[in-house]
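# Working through the structure, step by step
Each chain, letter by letter, is given below.
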Amino acid sequence: MSRRNVSAVWARIPQLMTKRPLQKQHAGEEFSIDDMRLMIGRIFDNTVDGIVDCNSIDLNQITLGMAKIVQILRKRAGRRMGEDAYRIILRELLLEKDNRTANSELFQFIAENSMDILNEFDAQGLSNLAYAYALIEYVPKFDDGSDLFDHIAMQSIKMRAEFNAQDVSNMVWAFATVKKRHDALFKAMGDQVVAQDHLRDFRPQALSNIVWAYATAGVSHPILFEKVTNHIVELKSLDRFTHPQDVSNTVWAYATAGVNHPQLFEKLANHIAGLDNLREFKPQHVSNTVWAYATAGVNHPNLFEKMANHIVRLDHLRDFKPQHLSNIVWAYATAGANHPKLFELVANHIVRLDHLRDFKPQELSNTVWAYATAGINHPKMFEKVGNHIVQLDHLIKFKPQNLSNTVWAYATAQVSHPELFQEVAKAAILRKEHLNSQAVANLLWSYATMGMVLDKPIFSSFVPIAVQLIDNYNNQGLANIAWAYTVVDVDAPTLFNDRFINKCLEKKDRFSVEDLRQLHQWHLWQTRERSRAGLPEALQDRCYKEFISEEPTPSKFQDDVVDQLSSIGLNPKEEALMDCGYRIDAIVEVNGKTIGVEVDGPSHFIGKSKSPTGSTILKRRQVPAIDKIELVSVPGWEWYTLGKDQTKKQEYLRRLVGLGLGDN
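Residues numbered from 1 in each chain as written. Predicted model: local features only at pLDDT ≥ 70, side-chain atom pairs only at ≥ 80, totals over all residues. Heavy atoms only, no water.

### So, the environment of Leu-495
Turning to its location among the elements, Leu-495 is positioned in the loop between α24 (475–488) and α25 (498–506). The buried category is assigned to Leu-495, whose relative accessible area is 2%. Spatially, the C-alpha atoms of Leu-495 and Ala-482 are 9.3 Å apart, while their sequence positions differ by 13 residues. In this view, Leu-495 contacts Val-463, Ala-466, Val-467, Ile-470, Ile-481, Tyr-485 and Phe-500; residues no more than four positions away in its chain are not counted. (Helix = DSSP H or I, 4+ residues; strand = E, 2+ residues; numbered from the N terminus. Buried < 20%, exposed > 50% of the residue type's maximum accessible area, 1.4 Å probe, protein only. Contact = heavy atoms within 4.5 Å.)

Next comes the structure, spelled out in C-alpha cells:
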C-alpha cells in the first residue's frame, strides 16, 4: 500500500465512524474481531513503518485522521457495551489503557518525525498539525526542553502571510486548547487578520474560534477584537450564524477578555431573541451566553427572557452540568433579570439530585449567592447545599472568596444552618490571610447578621487582618465591619481607633443610608457602651438623622398588641423615639418602671427559627444599656397561639410586663 493510500485510509476512517459500522461492508458479510484485528493491524504497522518516508502532506493526513479517531473513541469511553470490533481494535492501538489518553509513544514518534520535515509544511499543514495534537490534548516534548508547539509557532510566524482564515482559526484554537500561550504567535496571527481588507472569507465558526482562543489564552489584541466587532455589526443579517456555539463562544470571548462592545452584544442578542426557538442551543451554549451578557454588564431583557423560557419548557435538566446551572442562575442574579420559574426549576432539580458531589466549591457558592442576590427563597435547596458542605471531609478546595460568599448568601437569605457556619468559621480562620477586604467584611457581617454572637473566636482572630486591610475597604465594607463587631460586642481597639475614624471621614460623602445607620450603632457602642471616642460631631449628626429617618409602619400584629395593652389600662405610647435613636413599638409604665414592649414578627428572627437576628440582638442590648429601660419581647409564634381570645392575650401581656391582676 502506497504512503498516499495509507494516509487516505486514516483520513477516511473518522468519516466512516460517524456514519455506519465498518464491519458490515456488504449485506451478509461480517468480519470477526480476529479478522478485523489482523486487517487494521497490518494497516497500522504499515503506517508506523513508513512514517519516516512520509512527506508533509501524508504525515499531516495520518496525524489528523488518528487524532479525530481518538476524539471519537473518547466520546464513547463510558459507552462501550456492544462496541463494534473495529472500534475495539482502534482503541487498543491509539489509546492508553485508561481509554482516555492518546497513545503517547505513537504520537511522540509522529511528532519527532514531523520535526525532521517541519520546514516542508505549508500554512494549512502547520495549522492542521497543531489542531491534531490539540484534539488529543497532547504536547510532545523534546530532549532540548522545547516542545512541538514551540517549533510550530516559530515556523508559523515566518509564514504568517500564507495563513488564510481557517488556518488562523485552527492555529490559535489549538494553542489555546492545550493551554500553550505564545504571545509572538498570537500577535502574528492577529496582525494577519487585521491586515485583511475585509473578513468576508471568515466563516462565523472561524471568527468565534479566533476570539475564543485569544480570550482563553489571555492574550490581548484590541485591534483584532475591534475588527471582528465591526465586521459582525456591519453585516446586514446574521443568517450565517446558524450554529449556537458560534454565537455563544463569541460573546463569551468578549466578556472573558473584558472587551466591551455594546453594539456587538446588542446585535447578537437581537439575533437570538428573533429566532423561532432555541432547540439547537445546548446547555453549554445557553450557559455561556447568559454568563457573557451578565459579565459584560449588558442588559438585554428579551434575550434573558427567551433563554429562561426555553429552559423552563424543557422536560428535564439532566443534560445541564453543575457549572451550567450555577452560571445560569449567577448570570440572572447578576444581571437583575427576574424569572422566578427558572430559579424554582433549577432549585427543584438540585434538591432532587442524589448527591452534590459533582458540584465544585465555586459552583455551590455561586448558586446560593445567586438565589440570595435575586431574593429567591428556596429553603430546601439551601438546606441540601449546606448539608453537603458540612459532610465534606474538609473545605480545602473552597477558595476564601467561596467561603465568604457562601455564608453571605445564607445570611442574606436568612436561612439558618449553624453547622455550616461552624465549619466555614474553622476554615476561614485557618486561611484568613488570604481573604481580601470585601471577603472579610462580608464574612463578619454574615455571622453578625445571623445573630451568632457566641462565635466570638472568629471575630477576635480576624482583628489583625481587618487592621491590615483598613485602607482597602469601600464604604459598605467599613460600615459592615463596624456593625459586625458592634453586634457581637468584641472589643477591638487596634481596629477601631483614630485611623478607622479618619477612613470614615475620607469616605463620608459616599456612605449610603444603610451605611450611616450602621455607623450610628457603632458610635453608640464605642461612646455609650465602651466609653471610647466615636465619630466626629458632624458625621455623628448625619448618622443619627438617617437612623431616625425611617418612618415607622406598624403591622396588624403590633396594632393588636397595643390594643390589648390599652385594654389592661397601660396607656401605651407607640413608636416611642428613645434618646439613642431607637424606636420602641410601645412604651408602658408599670408600677413606676418604664418598660419597652417589642412586637417581634418574622423579620426579627432567622428564617422560620426562633433565633433572633443580629439587628434584634443589638437593639435588645443597646436600648437597656443606654436608655436604661427594660425591654420585653412579644414573639409572633407565642402571640398567634392565643388566637382571638382577648382574655388570654391580656393575661399574657400582664405576665410579660409584671402586672398583677389587681394592678392598673
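### A few points about a negative patch on the surface
Taken together, the side chains of Glu-112, Asp-116, Asp-143 and Asp-144 present a region of like negative charge at the surface. By the secondary structure assignment, Asp-143 is in the loop between α6 (123–135) and α7 (148–158). Of the residues examined, Asp-143 reaches a relative accessible area of 87% and is grouped as exposed. (Patch = residues over 30% accessible without salt bridge, like charges linked within 9 Å, V, L, I, M, F, W, Y side chains within 5 Å. Areas by Shrake-Rupley, 256 points an atom, 1.4 Å probe, with all protein chains shown as cover. Salt bridge = Lys/Arg side-chain N within 4 Å of Asp/Glu carboxyl O. Lys, Arg positive; Asp, Glu negative; His and termini not counted. Charge placed at Lys NZ, Arg CZ, Asp CG, Glu CD.)

### A closer look at the side chain of His-324
Following the sequence through the fold, His-324 ends up in helix α16 (residues 322–335). Setting aside its immediate chain neighbours within four residues, His-324 contacts Pro-283, Gln-284, Ser-287 and Asp-319.

### Digging into the packing of helix α17 (residues 340–352) against helix α18 (residues 361–374)
Where α17 meets α18, the closest approach of the two axes is 12 Å, and the angle between their N-to-C directions is 145°. Considering only the axes of α17 and α18, their crossing is left-handed. On α18, the residues that touch Phe-343, Val-346, Ala-347 and Ile-350 of α17 are Thr-367, Ala-370, Tyr-371 and Ala-374. The residue inventory of the contact of α17 with α18, partitioned by class, reads seven nonpolar, one polar and no charged. (Axes fitted to C-alpha atoms, helices over the stretch in contact; angles between N-to-C directions. Left-handed = near helix turned anticlockwise from the far one by under 90°. Nonpolar A, V, L, I, M, F, W, Y, C, P; charged D, E, K, R; others polar.)

### Topic: the packing of helix α12 (residues 244–257) against helix α14 (residues 283–296)
Across the interface, α12 lies against α14 with an axial gap of 8 Å and an inter-helix angle of 30°. Classed by the angle they form, the pair α12 and α14 counts as roughly parallel. Where α12 crosses over α14, the two elements pack in a sense that is left-handed. Judged by residue contacts, Pro-244, Gln-245, Ser-248, Asn-249, Val-251, Trp-252, Ala-255 and Thr-256 of α12 engage His-285, Asn-288, Thr-289, Trp-291, Ala-292, Tyr-293, Thr-295 and Ala-296 from α14. Of the residues in the contact of α12 with α14, the class split is eight nonpolar, eight polar and no charged. (Parallel < 35°, antiparallel > 145°, perpendicular 65-115°, else oblique.)

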